Amino acid sequence: MLFTPHTLGSLRLPNRLVMAPMTRSRAYVAGIPSPLTALYYAQRASAGLIVTEGVQPSAVGQGYMNTPGLHTDEQVAGWREVTDAVHAAGGRIVAQIMHAGGVGHPDNTGHLPVAPSAVRLGEQIFTPAGLQDTPVAVELSTTEVEATVGDFAAAARRAVDAGFDGVELHGANGYLIHQFLSQNANLRDDRYGGSVEGRIRFAVETAKAVADEIGPSRVGIRLSPRNGAQGLVEEDAHEVYPALVSELAGLDLVYLHLLATGGAELDARIRDLWPNTLIVNDPTATDPAASAEERLRWGAHLVALGKSFLANPDLPVRLRVGAPLNEADLSTAFGGDHRGYTDYPTLALHPAVA
Ligand SMILES: Cc1cc2nc3c(=O)[nH]c(=O)nc-3n(C[C@H](O)[C@H](O)[C@H](O)COP(=O)(O)O)c2cc1C
């Protein structure tokens, strides 16, 4: 089943394998992707779909060092080289729009992080001076929340201008959209907080604004129910996620990218509520091929793999022929040069096959 084509909006995917979004912190200082980034993604163009690393929609949306953005003309021009390279290699690529919210540090970005409420998220974060404690975030005013919705829509427009096939909204792993969903990072008493309806409002308004801007058939969203990233608490996830997924389904977004972190019952409930393409990423999977097949049988249409794609530019053909896989070296995951980025060998160069 992994090698059966799938239709995603106007895209025809040749296989069911999605390259999961992975921050690599190798952008130029102004948030512009480098030519090496174009090579890195083009090498992985045989994925059914590539989801880029998290890309900030605004300067204040950046949290980590050397991450790329989609809020200046120079960044759009840099991404154009990436999308052209991927398309020339026969691939398809969407940009993951990631606002880090309260996870950040002024030494990385020049500003204090902003969040739904003035809380401290995460514990420590890498900065040019090494690991430092994360600061208490600045609470966004209601007007600023509304403006942030607009920043996502503007970044989506820029993504299309840069030649991306669509965007994925990062609603997972403890960043801004997820912070709004949680009980401990969102202590607001305006319409973006409080009840379940209030806490899902930012995600829903953002998805709607982005869908209105570029069309729902080019918009997906990633969610990670209850995964506790950055210290988020979601004791009422069984109420929040069904409510959220129902609203998102009403917007007709082209895909939901679910990290299978909600537990069997909640994950199945989300699957059953979602009418369009469902991508699943199982962070506990050990055998990529076997677990991918199992997830397709479970009801996913596509399966996302992260570290396996990082280390294996030609992952689909390797899984197809049962070839050995390179192991990801996580010491070169964030920052640095071509080493551990564009120099993983393809099958023909693998010592076991050569
Ligand atoms: C180096 C690295 C960077 C990551 N950056 C992101 C990111 O920017 N956005 C995101 O949604 N997930 C990010 N993730 C999580 C992956 O998308 C994926 O969910 C996780 O690695 C589990 O899947 P895997 O076991 O197939 O790698 C990152 C993971 C890794 C290893």
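Residues numbered from 1 in each chain as written. Predicted model: local features only at pLDDT ≥ 70, side-chain atom pairs only at ≥ 80, totals over all residues. Heavy atoms only, no water.

1. Structural notes on the UniProt feature "domain: NADH:flavin oxidoreductase/NADH oxidase N-terminal" (unreviewed entry) in the chain
The criterion, for reference: UniProt positions are given in the numbering used here, feature names are shortened, and annotations may be inferred rather than shown by experiment. Here a helix means four or more residues in a row that DSSP labels H or I, a strand means two or more in a row labelled E, and each is numbered from the N terminus.
Those residues carrying the UniProt feature "domain: NADH:flavin oxidoreductase/NADH oxidase N-terminal" (unreviewed entry) are residues 2-325 in this numbering. Along residues 2-325, the helical share is 37% and the strand share 18%, with 17 Å between the first and last C-alpha atoms.

2. Section: the pattern of salt bridges
Heads up, the rule is: A pair is scored as a salt bridge if a Lys or Arg side-chain nitrogen falls within 4 Å of a carboxyl oxygen belonging to Asp or Glu. Exposure classes here rest on a 1.4 Å probe applied to the protein chains alone. A residue is buried below 20% of its type maximum, exposed above 50%, and partly exposed in between.
As enumerated under the stated definition, the model contains 11 salt bridges in all. Here Arg158 ties to Asp73 by a salt bridge, and the two come within 2.9 Å at their closest N and O atoms. A residue pair is termed long-range when its members are at least 10 positions apart, and Arg158 in helix α4 (residues 142-161) and Asp73 in helix α2 (residues 73-88) qualify at 85 residues. According to the relative accessible area criterion, Arg158 is partly exposed, its value standing at 23%. Relative accessible area serves as the criterion here: at 55%, Asp73 is assigned to the exposed category. The partner of Glu213 in a salt bridge is Arg157, with the nearest N and O atoms 3.0 Å apart. Of the two residues, Glu213 is situated in helix α6 (residues 196-214) and Arg157 in helix α4; the sequence distance between them amounts to 56 residues. Given a relative accessible area of 32%, Glu213 falls into the partly exposed group. Arg157 gets classed as partly exposed once you look at its relative accessible area, which sits at 31%.

3. Thoughts on helix α1 (residues 35-43)
Where we set the bar: When checking whether two residues touch, look at their non-hydrogen atoms; a contact exists if any pair is within 4.5 Å.
Residues of α1 that are buried: Thr37, Ala38, Tyr40, Tyr41 and Ala42. Buried residues in α1 make contact with β3 (17-19), β4 (49-55), α2 and β5 (93-97).

4. A few points about the environment of Gly110
With respect to the helices and strands, the residue Gly110 is situated in the loop between α3 (106-109) and β6 (114-115). Given the relative accessible area of 67%, Gly110 is considered exposed. The spatial distance from the C-alpha of Gly110 to the C-alpha of Ala59 is 9.3 Å, given a sequence separation of 51 residues.

5. Structural notes on the site of the ligand
Selection rule: Here, proximity means that at least one heavy atom of the residue falls within 4 Å of the molecule or strand. For the purposes of these results, a polar contact is taken to be a pair of N or O atoms within 3.5 Å, where, inside protein, one atom must be able to donate a hydrogen and its partner to accept one; residues adjacent in sequence count only when each atom of the pair is a side-chain atom. We get accessible surface area from the Shrake-Rupley algorithm with a probe of 1.4 Å; when it comes to residues, only the shown protein chains can shield them. The residue classification treats Ala, Val, Leu, Ile, Met, Phe, Trp, Tyr, Cys and Pro as nonpolar and Asp, Glu, Lys and Arg as charged. All others, Gly included, are polar.
In the vicinity of the ligand there are 17 residues, among which Pro21, Thr23, Arg222, Asn281 and Gly306 approach most closely. In the environment of the ligand, an oxygen atom lies 3.2 Å from a nitrogen or oxygen atom belonging to the backbone of Gly54. Gln96 has a polar side-chain atom sitting 2.8 Å from a nitrogen atom of the ligand. Taken by itself the ligand offers 610 Å² of open surface, and the protein chains cover 86% of this. Grouping the amino acids of the shell around the ligand by side-chain chemistry returns 8 nonpolar, 7 polar and 2 charged.

6. Topic: the sheet that holds β4
Here is the rule we go by: Following DSSP output, two strands are said to pair if at least two bridges run between them. Interaxial angles span 0 to 180 degrees and are taken between N-to-C directions of axes, which are lines fitted to C-alpha atoms, for helices over the stretch in contact.
Here we have 8 strands rolled up into a closed barrel, ordered β3-β4-β5-β10-β11-β12-β13-β14, and parallel in their pairing. Between one strand axis and the next, the sheet turns through 25° on average, direction left out of account. With 2 bridges connecting them, β3 and β4 associate as parallel partners. The residue of β4 that forms the bridge with Met19 is Ile50. Running at roughly 175° to strand β10 (residues 166-171), α6 makes contact with β10 and β11 (219-223) of the sheet.

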